[in-house]
Amino acid sequence: MEEISFRTKIFIGEHALDRLNQITAERIFIVTDPFIEKSGMTAEVTNRLQSKDNEYQIFSDIVPDPPIETVAAGVKVIQEFNPSVLIAIGGGSAIDAAKAMKDFAIRLSPQQKDMKFIAIPTTSGTGTEVTSFSVITDEVNHVKHPLVSDALLPDEAILDTHLVKSVPPTVTADTGMDVLTHAIEAYVSTKANDFSDAFAEKAVQLIFDYLPRCYKDGNDLEAREKVHHASCLAGLAFNMVGLGINHSIAHVCGAQFHIPHGRMNALLLTPVIEYNAGLQGLTHQSFSAAAKKYAQLARVSGLPAANVRVGINSLIQHINQLKRELQMPTSLRACGLKKEQVMSALAAISEAALKDGCTATNPRIPTSKEIETIVEKLY
Ligand code: NAD
């Protein structure tokens, strides 16, 4: 038996941020990053909290891939300020850090009351506004720790398209490919079901149709809205059924080589599809369930898919074409890494990737040698 539930209320459409006008008489802790604060987006939040007996405090020290130390600093402020509402506005880093701050503050002091958690994403990528995940980085050991608990699920998510207009093209590309990876990994997850498939298929279609438009013109609000929704849909899909080794390897390589999360996912996406599909030497009678699902995804995305092999090839070609349109690097070498740096880390990467929580729902059980081969080929 599986239970499917959606705890997070989602506000979408024009003026979605006006949901904040309804907050009265609360102590509000706002977590964000320095760019979001300087850009005036945090003011978009605070302007809606004025003169209603609200008190607020802003924590704007979030950096990409938030480290444990930043979370600890936020926990301290929560303990002093004692908020009743926590608002996280920013990319995945700000929202994940806020999730961890809230969770640790409650665990550390039993008298700490629970807070309503409102997540306002300003990138279209992680889907963290609707997930039970938070990714925190151990900078000393170069490891990303995915925390997983229903306690991390936001109570509300506000998807306001105007907030993503300013995302620069490279971040639009990286985060958009993160969405695509979430949707594709959820689609072939060992736990996939008809509900997660529906979210994942829609997310993939929206990314294929609208991500290139966002990249070319950040002010294309129709395209921005579609990709913002795709990000949330993909988050709902993988929150239900998990991810796979694309993310396991990306978590390790991203922390080790300091490559943005979405860019690392994008590099891995087609090699992982090839590995999971495992087409070499197979006839159509013996195609795996994952191979058939990739072909099905090609079919529902309007790509040629006369049979499983054709479907998988057209999915791979379409993703490669998308990466070219987004002018993304196609190898670790193109990301500026030295060959020795990658080769000497292979064994450690594969060991950590096998232990990562996302590996459990990958459709094919990898050996450490197979993971090493995937990473080696990325160079
Ligand atoms: P991010 O939050 O690290 O932000 C990247 C950069 O974009 C930052 O410099 C930020 O200031 C800037 N930025 C954010 N919004 C902007 C805007 N509207 N305009 C201009 N610049 C803007 O990036 P991200 O990709 O959203 O999040 C990545 C983090 O999320 C990683 O730590 C990753 O591991 C994690 N993650 C979490 C989940 C989850 O389910 N919790 C899923 C995937 C990834």
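Rules used throughout
Residues numbered from 1 in each chain as written. Predicted model: local features only at pLDDT ≥ 70, side-chain atom pairs only at ≥ 80, totals over all residues. Heavy atoms only, no water. Near = heavy atom within 4 Å. Polar contact = N/O pair within 3.5 Å; in protein donor to acceptor, adjacent residues only side chain to side chain. Areas by Shrake-Rupley, 256 points an atom, 1.4 Å probe, with all protein chains shown as cover. 1 Å grid on protein atoms, 1.4 Å probe; cavity = no way out; pocket = protein on both sides within 12 Å on 5 of 7 lines; lining within 4 Å. Sits in = over half its atoms within 2 Å of the grid points. Helix = DSSP H or I, 4+ residues; strand = E, 2+ residues; numbered from the N terminus. Nonpolar A, V, L, I, M, F, W, Y, C, P; charged D, E, K, R; others polar. Domains from an automatic or database assignment. Pairing = 2+ DSSP bridges. Axes fitted to C-alpha atoms, helices over the stretch in contact; angles between N-to-C directions. Contact = heavy atoms within 4.5 Å. Parallel < 35°, antiparallel > 145°, perpendicular 65-115°, else oblique. Left-handed = near helix turned anticlockwise from the far one by under 90°. Buried < 20%, exposed > 50% of the residue type's maximum accessible area, 1.4 Å probe, protein only. Buried area = accessible area lost by both parts, 1.4 Å probe. Salt bridge = Lys/Arg side-chain N within 4 Å of Asp/Glu carboxyl O.

**Student:** Before we move on, could you go through the site of the ligand and cite the residues and values that matter?
**Tutor:** Among the 29 residues in the neighbourhood of the ligand, the closest are listed as Asp65, Gly92, Ser93, Thr122 and Thr123. Ser93 is positioned with one of its side-chain polar atoms (N or O) 2.6 Å from an oxygen atom of the ligand. One nitrogen or oxygen atom from the main chain of Val167 is found 3.4 Å from a nitrogen atom belonging to the ligand. If the ligand stood free it would expose 870 Å²; the protein chains cover 89% of that surface. The pocket occupied by the ligand, as judged from atoms lying within 2 Å of grid points, is the largest pocket. Residue assignment for the shell around the ligand shows that the elements contributing at least two residues are α1 (34-38), α4 (92-108), β6 (133-138) and α5 (169-188). The greatest single-element share of the shell around the ligand, amounting to 4 residues, is contributed by α5. Its residues placed into classes, the shell around the ligand shows 11 nonpolar, 13 polar and 5 charged. Looking at which domains feed residues into the shell around the ligand, each of domain 1 (9-163) and domain 2 (169-378) gives three or more.

**Student:** Could you give an account of the sheet that holds strand β5 (residues 116-121), naming the residues involved and the relevant values?
**Tutor:** Sheet architecture is open: 6 strands sit in the order β1-β8-β5-β4-β2-β3, paired in parallel fashion. Bordering the open sheet on either side are β1 (9-11) and β3 (55-59), each of which pairs with just one other strand. The mean angle between the axes of side-by-side strands here comes to 20 degrees, regardless of whether they run parallel or antiparallel. Bridge count for strand β2 (residues 27-31) against β3 is 5 bridges, and the pairing is parallel. Among the inter-strand pairings, Arg27 is bridged to a residue of β3, identified as Glu55. Along the sheet face, helix α3 (residues 68-81) touches β2, β3 and β4 (85-90) and points at about 165 degrees away from the line of β3.

**Student:** I'd like to hear about the packing of α5 against helix α9 (residues 261-277), residue by residue, with values.
**Tutor:** At a minimum axis distance of 7 Å, the contact between α5 and α9 shows a crossing angle of 45 degrees. One finds that α5 runs oblique with respect to α9. Of the two possible hands of crossing, α5 and α9 adopt the one that is left-handed. Across the interface between the two elements, Thr170, Asp174, Met177, Asp178, Leu180, Thr181, His182 and Ile184 from α5 touch His261, Gly262, Arg263, Asn265, Ala266, Leu269 and Ile273 from α9. For the contact of α5 with α9, a count of residues per class yields 6 nonpolar, 6 polar and 3 charged.

**Student:** Give me the pairing of β4: which residues, what numbers.
**Tutor:** In terms of residue burial, β4 counts as a mostly covered element, since 6 of its 6 residues are buried. Side-chain alternation along β4 places Val85, Ile87 and Ile89 on one buried face and Leu86, Ala88 and Gly90 on a second face that is also buried. Of the pairings in the sheet, the one linking β2 to β4 comprises 4 bridges and is parallel in character. Note that in β4 the partner of Phe29 across the bridge is Leu86. Bridging between β4 and β5 involves 6 bridges; their strand directions are parallel. Bridging from a neighbouring strand, Ile89 pairs with Ile120 of β5.

**Student:** Kindly report on the domain arrangement of the chain, identifying the contributing residues and their values.
**Tutor:** Once the domains are mapped, the chain shows domain 1 (9-163) and domain 2 (169-378). Computed from C-alpha atoms alone, the centre-to-centre distance between domain 1 and domain 2 is 27 Å. In total, domain 1 and domain 2 occlude about 2,000 Å² of area from one another, counting both sides; carbon and sulfur atoms represent 62% of this. Looking at the side of domain 1 facing domain 2, the largest losses of area belong to Ser124, Lys144 and Thr161, adding up to 30% of the total buried there. At the boundary of domain 1 with domain 2, the tally comes to 0 salt bridges. Where domain 1 meets domain 2, there are 5 residue pairs in polar contact (both at pLDDT 80 or more). Going through the elements one at a time, β6 and β7 (143-148) are the ones with two or more residues in the side of domain 1 that touches domain 2. Here the side of domain 1 that touches domain 2 gets 3 residues from one element, more than from any other, and that element is β7. Looking at side-chain class alone, the side of domain 1 that touches domain 2 contains 10 nonpolar, 11 polar and 3 charged residues.

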